[in-house]
Amino acid sequence: MNSLARAAEAIWQAVTPLLPGFTVEVVPELDSTNSELMRRARAGRLEPVLLVAARQSAGRGRLGRAWQSEPGASLTCSLGLPLAPADWSGLSLAVGVTLAESLHPDIRLKWPNDLWLQDRKLAGILIETASNGPGTGRSAVVGVGINLEPPAAADALSTPPAGLRALVPAIDAGGALERIAAPLVGGLLAFERAGFAPFRPGFEARDALRGRRVVLSDGREGQALGTNEFGALIVHTGLAVHTVVSSEVSVRPA
């Protein structure tokens with residue numbers, strides 16, 4: 001908690017010029033930072049905020065998966081803000097690029113929402129949106145979970161976990177938060193202006209699946225060929241080239 005509290009003031013000073021009215025909240029424990037901000041959004045009281053929990057008791061990942069978090073071993077936070085891009089396609093990839101570039105050159109990106117280190121899951125992203133009311137646009141809630149150390153119950157996970165301290169040995173949750181917070185806000189505002197296109201080269205440079213044989217959760221198999229201009233995954237099955245969007249399936253290396 002102490003390192004997170006220390007980071008909060010520096011983050012607020014860095015982000016406020018980009019996002020007026022922005023606040024940082026640090027709490028000891030929540031069920032889920034995303035769940036809390038979505039509750040606020042649905043109640044019509046979500047202001048621009050970075051919500052950080054030292055521990056989540058019911059953390060969530062994509063497709064309803066649980067996300068483990070323990071004080072000192074992980075960073076869990078969610079950023080909530082109004083967002084009005086012309087096209088939402090590729091947002092999770094843009095967030096992934098922003099996080100990876102903020103953390104370390106060796107981090108790779110596994111489509112559509114994970115950060116990998118040597119084929120092990122280092123971090124995950126969960127993006128949800130809620131209406132601000134008729135004619136008032138939407139709010140985005142961007143949840144980020146980063147392992148500082150691999151979770152103790154790693155045997156139960158489908159993908160082996162990694163920890164950021166393998167790359168940055170002395171880093172703590174506050175240090176990781178300071179690295180990602182302002183770039184994340186800047187990245188979301190850039191995505192609002194220009195969509196996925198400016199982030200696509202960064203994703204391609206770190207694409208952990210490109211050129212590899214992959215298996216989709218709907219049973220198809222093929223070779224991953226990167227993404228299209230909207231952030232959809234391109235897979236060649238041998239019979240045809242398919243574009244896959246993240247709402248339809250999950251994907252893993254064969």
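So, here is what we can say about the structure in this document. These figures come from a predicted structure and were not determined experimentally.

The pairing of strands in a sheet comes from backbone hydrogen bonds and takes either a parallel or an antiparallel form. Sheet architecture is open: five strands sit in the order β11-β10-β9-β8-β12, paired in antiparallel fashion. Each edge of the sheet is formed by a strand with only one pairing partner; in this case those strands are β11 (241-244) and β12 (251-253). Mean inter-strand twist for the sheet, computed between neighbouring axes without regard to direction, equals 45°. By the bridge criterion, three bridges tie strand β9 (residues 221-227) to strand β10 (residues 233-236) in an arrangement that is antiparallel. When the bridges of β10 are listed, Thr-227 appears paired with Leu-233.

Before going further, it helps to spend a moment on the environment of Ala-208. Following the sequence through the fold, Ala-208 ends up in the loop between α5 (200-206) and β8 (213-216). Given the relative accessible area of 8%, Ala-208 is considered buried. Once residues within four sequence positions are removed from consideration, Ala-208 is found in contact with Arg-108, Leu-109, Lys-110 and Trp-116.

For helix α1 (residues 2-15), built from 14 residues, the straight-helix expectation of 20 Å at 1.5 Å per residue is met to within 8% by its first-to-last C-alpha distance of 20 Å. The sharpest bend along α1 comes to roughly 25°, located at Ala-8. Listed in full, the buried residues belonging to α1 are Ser-3, Leu-4, Ala-7, Ala-8, Ile-11 and Val-15. Taken together, the buried residues of α1 touch β1 (23-30), β2 (49-56), β3 (74-83) and α4 (173-194).

Definitions and cut-offs
- Residues numbered from 1 in each chain as written.
- Predicted model: local features only at pLDDT ≥ 70, side-chain atom pairs only at ≥ 80, totals over all residues.
- Heavy atoms only, no water.
- Pairing = 2+ DSSP bridges.
- Helix = DSSP H or I, 4+ residues; strand = E, 2+ residues; numbered from the N terminus.
- Axes fitted to C-alpha atoms, helices over the stretch in contact; angles between N-to-C directions.
- Buried < 20%, exposed > 50% of the residue type's maximum accessible area, 1.4 Å probe, protein only.
- Contact = heavy atoms within 4.5 Å.
- Expected span 1.5 Å × (residues − 1).
- Bend = angle between axes of the 7 residues up to and from the residue.

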